[in-house]
Structures are given as C-alpha cells and as structure tokens.
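# Structure at a glance
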Amino acid sequence: GQQLNQSPQSMFIQEGEDVSMNCTSSSIFNTWLWYKQDPGEGPVLLIALYKAGELTSNGRLTAQFGITRKDSFLNISASIPSDVGIYFCAGRQGGSEKLVFGKGTKLTVNP
Amino acid sequence: NAGVMQNPRHLVRRRGQEARLRCSPMKGHSHVYWYRQLPEEGLKFMVYLQKENIIDESGMPKERFSAEFPKEGPSILRIQQVVRGDSAAYFCASSETGYEQYFGPGTRLTVT
C-alpha cells in the first residue's frame, strides 16, 4: 500500500535546539496532518494543512504544506523535554477520507 | 467534551478466539475510522464508517475481520479466530467533517 517517506527516522537533540522533520510522497495529497504519539497512547493532532504553500503555527510548532503538494515539513523551535515522542505525518488524497501515515520520527530531547 | 473512547485498553486472546474492540466517537462526530499499528510502524487504515454504513473498507483483511457502527452504541471492530499476526495496537479515530481525525488511546491486542 501507499506510504509516506518520513525523515529522519530518529533525532537526538539538546534542550533548546530547533528541530526539523519532513515527509515526502510520489503522489499528490490534498491534506497534510501532523500527529505526536507518546508511548502507550493514541496520536494527538498537532497541525492540519489544507492548501499548497500554507504555513501554520501552533505554539512552538510550525508546519508547511509543500507547493508541489507532495511534501510537508514540521519545525519545532526551542525544544523542551516534553517534546519527546514520535511524530507522524499523515496525508489525505482527494475523494478519500483515509489517512496514509509515515513511519514516524522519534525525537529524544536531552535536558 | 470527552475525547474518543476505546475499550478495552488491553486485550489478551488465545489463538482461535474472538476479539471485540469498541469505540465511542467524540460527541457530534459521525465519521469513524479504524487503524492498525504494528510496533515501530505508522498507522495503517482499515475501515471508514458512518452510522449504519461502511463507506470504505479497502484496508480491511478479507477474512475474519468485520466492523460496524450501529445507529445506537459504539462502533465495534470484530476479529474472529484470532492468530498471532493479529497482535497489534488498534486505534479508532472520529471526525465531524472528514478532514481532521482525532484518535482514541487504542486497544492493545495480544494473541497468545
């Protein structure tokens, strides 16, 4: 089945650093969503993007919907220990409500 | 406003038994989705339902798996005659419009 390519797979950073991760696909998506998942829990929606080129912020998080509609980026500024977790991108194509997920970026923040 | 509720949170079944997973969507949400997650993997779509209707079951295995969302009560994902390969985390999500999906805490199924 279709899958999104998410990178990097994992990141180890110091508290206070900025983080960037991205998601790419060979297909066009109409909606991009970014989720965070903590161990033993369900994914929590962070940001939703609906238009090519759209840039949306949620606190220290900023995400962009790529112009080609085949990619999306998530940035976290001034990371803190509670940012630790797995970040997933998900895309939705036209005419369908199912989400296609990336494999996740595992973020570790050292205090 | 309560979030998506799933129960049980953990379920252990022996091979050949049936597993029933329940999901109550957020209040006002009529779209329900089921996803499966294997360790170290992303979520994989299984089925999309609205009240009393299966809209998209393209990700559902052809045998042993079924889903329903009755007029009254929670959505149910049913796995008959479970096998070890069914061990996974199963997540339900709900949506009001079909655009943003909100996930429940999941049911971790272990088949022994």
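One can find the structure itself at the top, above this paragraph.
Residues numbered from 1 in each chain as written. Chains lettered and ligands numbered in written order. Predicted model: local features only at pLDDT ≥ 70, side-chain atom pairs only at ≥ 80, totals over all residues. Heavy atoms only, no water.

## A closer look at the overall build of chain B
Looking only at helices and strands, one finds 0 helices and 11 strands in chain B. Each helix and strand of chain B, placed in order from N terminus to C terminus, yields the pattern β-β-β-β-β-β-β-β-β-β-β. The C-alpha atoms of chain B give a radius of gyration of 13 Å, which matches the 13 Å a tight globule of 112 residues would have. In terms of principal-axis extent, the alpha carbons of chain B reach across some 40 × 25 × 25 Å. The buried share among the 112 residues of chain B stands at 45%. Long-range pairs, those at least 24 residues apart, make up 52% of the contacts in chain B between residues at least 6 apart in sequence. Surface exposure of chain B reaches about 5,800 Å², of which carbon and sulfur atoms provide 46%. Treating the 16 positive side-chain charges of chain B as one cloud and the 12 negative ones as another, the clouds have centres 8 Å apart. (Helix = DSSP H or I, 4+ residues; strand = E, 2+ residues; numbered from the N terminus. Rg over C-alpha atoms; globule rule 2.2 N^0.38 Å. Buried < 20%, exposed > 50% of the residue type's maximum accessible area, 1.4 Å probe, protein only. Contact = heavy atoms within 4.5 Å. Areas by Shrake-Rupley, 256 points an atom, 1.4 Å probe, with all protein chains shown as cover. Lys, Arg positive; Asp, Glu negative; His and termini not counted. Charge placed at Lys NZ, Arg CZ, Asp CG, Glu CD.)

## Points about the sheet that holds strand 6 (residues 55–58) of chain A
Residue and element names in this part refer to chain A. Strand order in this open sheet of 5 strands is 1-3-8-7-6, and the pairing throughout is antiparallel. Two strands lie at the open edges of the sheet, namely strand 1 (5–7) and strand 6, each paired on one side alone. Taking the axes of each pair of neighbouring strands and ignoring which way they run, one obtains an average angle of 15° across the sheet. Where strand 1 meets strand 3 (residues 19–24), 3 bridges bridge the pair, whose relative direction is antiparallel. (Pairing = 2+ DSSP bridges. Axes fitted to C-alpha atoms, helices over the stretch in contact; angles between N-to-C directions.)

## Details of the sheet that holds strand 7 (residues 65–68) of chain B
Residue and element names in this part refer to chain B. Spatial ordering of the open sheet is given by 1-3-8-7, a layout of 4 strands whose pairing is antiparallel. This sheet does not close on itself; its edge strands, each paired only once, are strand 1 (5–7) and strand 7. Going across the sheet, the axis of each strand differs from the next one's by a mean of 15°, ignoring polarity. Two elements, strand 1 and strand 3 (residues 19–24), share 3 bridges in a ladder whose sense is antiparallel. Counted as the bridge partner of M5 is S24 from strand 3.

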